[in-house]
Amino acid sequence: MHRKAVSYVSKTTTAAAGAVATAATSVAAAAVAASIIFSPVADASSRLEGVHADLLRAVQLNQVTEEQALRFEAKLAGRILGEA
């Protein structure tokens, strides 16, 4: 009987620890989502600077060609400036 009790306690403790870890992960994800939702929206110029920097890095890493980056940046600039 003693081994069954130890096994039961061990299993329920492991299950509880898993539930706590899952809950903690959910809380962390919710906190990140809330920080994104409630953060102020960047103005158009800072958004375009970020797009430019990201595309420049993609060209440096040979992920896209310079021509592709220029076309994509122009397309995004039209959308971002159209929203502002």
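Reading guide: rules and limits
- Residues numbered from 1 in each chain as written.
- Predicted model: local features only at pLDDT ≥ 70, side-chain atom pairs only at ≥ 80, totals over all residues.
- Heavy atoms only, no water.
- Helix = DSSP H or I, 4+ residues; strand = E, 2+ residues; numbered from the N terminus.
- Buried < 20%, exposed > 50% of the residue type's maximum accessible area, 1.4 Å probe, protein only.
- Expected span 1.5 Å × (residues − 1).
- Arc of directions from axis to C-beta.
- Core = buried A, V, L, I, M, F, W, Y, C linked by side-chain atoms within 4.5 Å.
- Contact = heavy atoms within 4.5 Å.
- pLDDT = per-residue confidence, 0-100.

Caption draft 1: Seen up close, the overall build of the protein. Summing up its helical and strand segments, the protein has three helices and zero strands in all. Counting every position in the protein, which comprises 84 residues, the buried fraction comes to 12%.

Caption draft 2: View of helix α2 (residues 44-60). In this model, α2 (17 residues) spans 24 Å end to end at C-alpha, consistent with the 24 Å of a helix rising 1.5 Å per residue. Among the residues of α2, Ala44, Leu48, Val51, Leu55 and Ala58 are the ones counted as buried. One side of α2 carries all its buried residues, which in axial view fall inside an arc of 85 degrees. Those residues of α2 that are exposed and angled more than 90 degrees off the buried face are Glu49 and Gln60. Downstream of α2 by a residue or two, Asn62 has a phi angle that is positive, lying close to 60 degrees.

Caption draft 3: How the structure looks around the nonpolar core. Ala44, Leu48, Val51, Leu55, Ala69, Leu76, Ala77 and Ile80 together form the largest nonpolar core, which totals eight residues. For this core, the secondary structure elements donating two or more residues are α2 and α3 (66-83). Leave out the neighbours within four places in its chain, and Ala77 touches Leu48 and Gly82.

Caption draft 4: Fine view of the confidence of the model for the protein. Mean pLDDT over the protein: 78, with 57% of residues reaching 70 or higher. Confidence, expressed as mean pLDDT per element, reaches its minimum in the protein at helix α1 (residues 2-38) with 65 and its maximum at α2 with 92.

Caption draft 5: Unusual backbone geometry, seen in detail. With a phi angle near 60 degrees, Asn62 is a residue other than glycine that sits in the positive phi range. Mapped onto the elements of the fold, Asn62 is located in the loop between α2 and α3.

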